[in-house]
Every structure is written in C-alpha cells, then in structure tokens.
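# Summary of the model geometry
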Amino acid sequence: MKTPFLKVLLGCAVATMFLTACGDDGSDGLPSAPQSSAEGPVTTSSDSSVPSSSGDAPVSQATDPQSSSAVVAPESSAEVDVPPQGGGYTPGTLEEEIAKDAPFVAASAANGTLIPVAELLASVQPTDRVLFVVRHGRRGSGTGKEQKLHATGVNQAQSLGAAIAQVNATDPIFYAHSDYVRTRSTALNIFVGRGGDSTQFQSTIVGKLAGGGYVKDSDLLSQHADEDFEKNQLKVFASWMYQGLYTDTFNDLTETSVTFLTQHILPAFPPEYRIGIMVSHDMTIAPLLVYCTNQAVNFRAYENLDYWLGYIQGLAIVIAQDGSRKYYPVNGLYGEYAYLDGAINRS
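In this report, we go over the structure that sits alongside the text. (Residues numbered from 1 in each chain as written. Predicted model: local features only at pLDDT ≥ 70, side-chain atom pairs only at ≥ 80, totals over all residues. Heavy atoms only, no water.)

### Some thoughts on the pattern of salt bridges
Where charged atoms of side chains with opposite charge meet at close range, the side chains can pair. Counted according to the given criterion, the structure contains four salt bridges. The shortest N-O distance in the salt bridge between Arg 135 and Asp 282 comes to 3.6 Å. In this pair, Arg 135 sits in strand β6 (residues 129-135) while Asp 282 sits in helix α8 (residues 282-292), placing the two residues 147 residues apart along the sequence. Accessibility expressed as a relative area gives 0% for Arg 135, which makes it buried. (Salt bridge = Lys/Arg side-chain N within 4 Å of Asp/Glu carboxyl O. Helix = DSSP H or I, 4+ residues; strand = E, 2+ residues; numbered from the N terminus. Buried < 20%, exposed > 50% of the residue type's maximum accessible area, 1.4 Å probe, protein only.)

Now the structure itself:
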C-alpha cells in the first residue's frame, strides 16, 4: 500500500513531500522538508505560558504503552522569530569542509555499535562538547506533521532524560527539533525526564532537521518503492547509502551530509552550551550516520528490514577543544519500554 503524499510549491519548482515524515516506526514514512522556507534555526519556543493541564503535559511513566494518549505541542506555546543562533560554527566552502571532515570520519570509521547515550555522555572530557542528534520517540498511527507521540514514545523520551540525569543532572542542555509535533514533544519529555519543569522548557526549531536535503526527487523515490512503499522505501534508502544506487533519486551522500552538518547542525549549537540534543527523523539521521561512520553502522534494510534506525537512536558529535570532531552511533532507549523499539545493536 502506498503512503499518501501531497505536493507543495517550493520557490518556483514543484517537489513531492510525503506526509510520512522520516519513517517513524522503522518501517514506514518519508521525511518531508519543512514547509517553511527557513532551514536554519528560526524559532525559539517556550512553555512558560502553558498551564500544566495543557495537551503537551508529559504523560505519566505509568501510562499503558498500548494507550493512544500522547504528548502534543500546544497551539498556545509562545514562539518568537529569532535570527539563526550562529556562533556555534562558521563554515567554509563545501570543498574545504569536506576536506576538513574527512579525517574526522576516518577516525570514526570503527564506530559501528550503538553506545548508550548516558554512557557516552559520562565518558566525554570536561573540555569537550557533545551534541546528540536522535530520532523522536514512538509516534501514534499517523505520519503527518501534527502526529503526536504515542504514550510509549513519551515514556521512551522521559526514560532517556532520567538516564542523562544520573550522569549529569546540572549542566544546561540546548534543545532543538524539527517543526514536527513529535520531535518537539520528544525534546520536551527528555527535559522533563531529567527533572525539568515542563512550563520552563525552551527549544529551537531547526527546519533542516526534517529531511536534511538528501532526497533529490521524491517522485522517483515513490516509483522505486512503488509496490510496497512502507517497506521498500527503507530498502531504496539503504541501497543508495551503501551501494550507491538510485543516484537519480538522491543527492550525493558526502556533499549533502557535510552541508547538513556544517551549515545547519553545528551552527545551531550555541557555543555557551556543553551539551545539546536535537530531535529529528530516521530518514534524516540514518544517511548522516552512515556517512559519519563511513558505513560502519549497519542500516542495510535491503538485507533485513530490522536493520534500521530505532526510536530515540542516532548520532553523537563529540567536539574537542581544538575543534576536531568524532562521531558515534548512540542508543537512547532505556527502561521497560526500550525493548519495543530497539534496533539491533550491530557492528
């Protein structure tokens, strides 16, 4: 069965953007580019004006994981436009950045096994900074931009927050996410699980976290995955990432990943923060992680559909004092709900 999609106008070109943003359950969904034209961090949101009874209030950890209740970003959330954060990273030309990043990727090429987020955080040197770019928690049955987290996804995010608190309960954390309800709700519940007051939560929207710029032609992607889109799109993505197929459908993996990293992710991470968490989507994170580990991580869905990025899993970028970087695949699933959505910890 095909996943429904809609077409929107971007500038003067027509591109197909799917409502199935970023897979979301490891077997269906495609990341849509944000409908806003802004791709940098453009919005800061705060829940300071949201009453505790808001629909965005975190669900209790005791919630039945099969329940359909979930977190939703309140429409009344205060949002103001701000210029891009900047200051976190000033990119050079694409050619310069590719050359600069090559030794960082080479140094990360042995990192194919997902490391628990809290374990990696505890190992980071006091002079280093670390930015986690993770997939959102389990969503509900829909795949559109307004789809809420499933109650299990709420618990997954809060469990990660609690695990982070055990190794670092005091350092301020910078939170960012795409302009999807479920990514913001994931960030909020990580914050709450760490012990934060939901009414004090603040975050930044980074539009490029929805899509990353990897898909060149969404119509062709739909055609390649035509017979069973929900499953075949994962195989198509994986065939491109590891075998170099479908170059008519996707942009260059290295160029797109370096652009995504150096023009969107790193510049959005303010230098005054030592720890950052960005929440994105699987079909945005998976190709980035394959690039950053030089294919060491195994998301070869054409071999097995279980070989894909799970919920609350993703990439850690450790930034040394000298500006050098190292990349690690990470697993943020903890507690009684983790087993539901854990991708195989493969090397």
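### Focus on the environment of Ala 238
Within the fold, Ala 238 resides in helix α6 (residues 229-243). Separated by 67 residues in the primary sequence, Ala 238 and Leu 305 have C-alpha atoms spaced 10.0 Å apart.

### Description of the nonpolar core
Across soluble globular proteins, nonpolar side chains have a tendency to be buried as a group. Ranked by size, the top nonpolar core spans 47 residues in total, and within it Met 241, Ile 265, Met 278, Phe 299, Trp 308 and Ile 317 carry the most contacts. Of all elements in the fold, only α1 (94-107), β6, β7 (173-177), α6, α7 (253-265), α8 and β10 (313-319) reach the threshold of two or more residues within this core. A per-element tally of this core places α8 first, with eight residues. Every residue in contact with Met 278, bar those within four places of it in the chain, is listed here: Leu 131, Phe 132, Val 133, Val 134, Phe 174, Ala 176, Leu 209, Ile 265, Ala 268 and Phe 269. One finds Ile 275, Val 279, Tyr 311 and Val 318 within the second-largest nonpolar core, a separate group that totals 28 residues. (Core = buried A, V, L, I, M, F, W, Y, C linked by side-chain atoms within 4.5 Å. Contact = heavy atoms within 4.5 Å.)

### Observations concerning the side chain of Thr 183
In this structure, Thr 183 sits in helix α4 (residues 181-193). A relative accessible area of 0% places Thr 183 in the buried class. When sequence neighbours within four positions are dropped, the list of residues in contact with Thr 183 reads His 136, His 177, Ser 178, Val 279, Ser 280 and His 281.

### Thoughts on the packing of α1 against α7
At a minimum axis distance of 10 Å, the contact between α1 and α7 shows a crossing angle of 95 degrees. Classified by the interaxial angle, the pair formed by α1 and α7 is roughly perpendicular. On the side of α1, the interface is formed by Leu 94, Glu 97, Ile 98 and Asp 101, while α7 contributes Thr 254, Glu 255, Val 258, Thr 259, Leu 261 and Thr 262. Looking at the contact of α1 with α7 residue by residue, the classes come out as four nonpolar, three polar and three charged. (Axes fitted to C-alpha atoms, helices over the stretch in contact; angles between N-to-C directions. Parallel < 35°, antiparallel > 145°, perpendicular 65-115°, else oblique. Nonpolar A, V, L, I, M, F, W, Y, C, P; charged D, E, K, R; others polar.)

### As for α8
Counting buried positions over the eleven residues of α8 gives eleven, a clear majority of the element. Three or more residues of α8 are buried, namely Asp 282, Met 283, Thr 284, Ile 285, Ala 286, Pro 287, Leu 288, Leu 289, Val 290, Tyr 291 and Cys 292. Directly beyond the C-terminal end of α8, a positive phi value near 50 degrees is found at Asn 294.

### Quick word on unusual backbone geometry
Phi is positive for Tyr 246, which is not a glycine, with a value near 55 degrees. Looking at the secondary structure, you find Tyr 246 in the loop between α6 and α7. Phi at Gln 295 takes a positive value of approximately 70 degrees, unusual for a residue other than glycine. Judged by its relative accessible area of 31%, Gln 295 is partly exposed.

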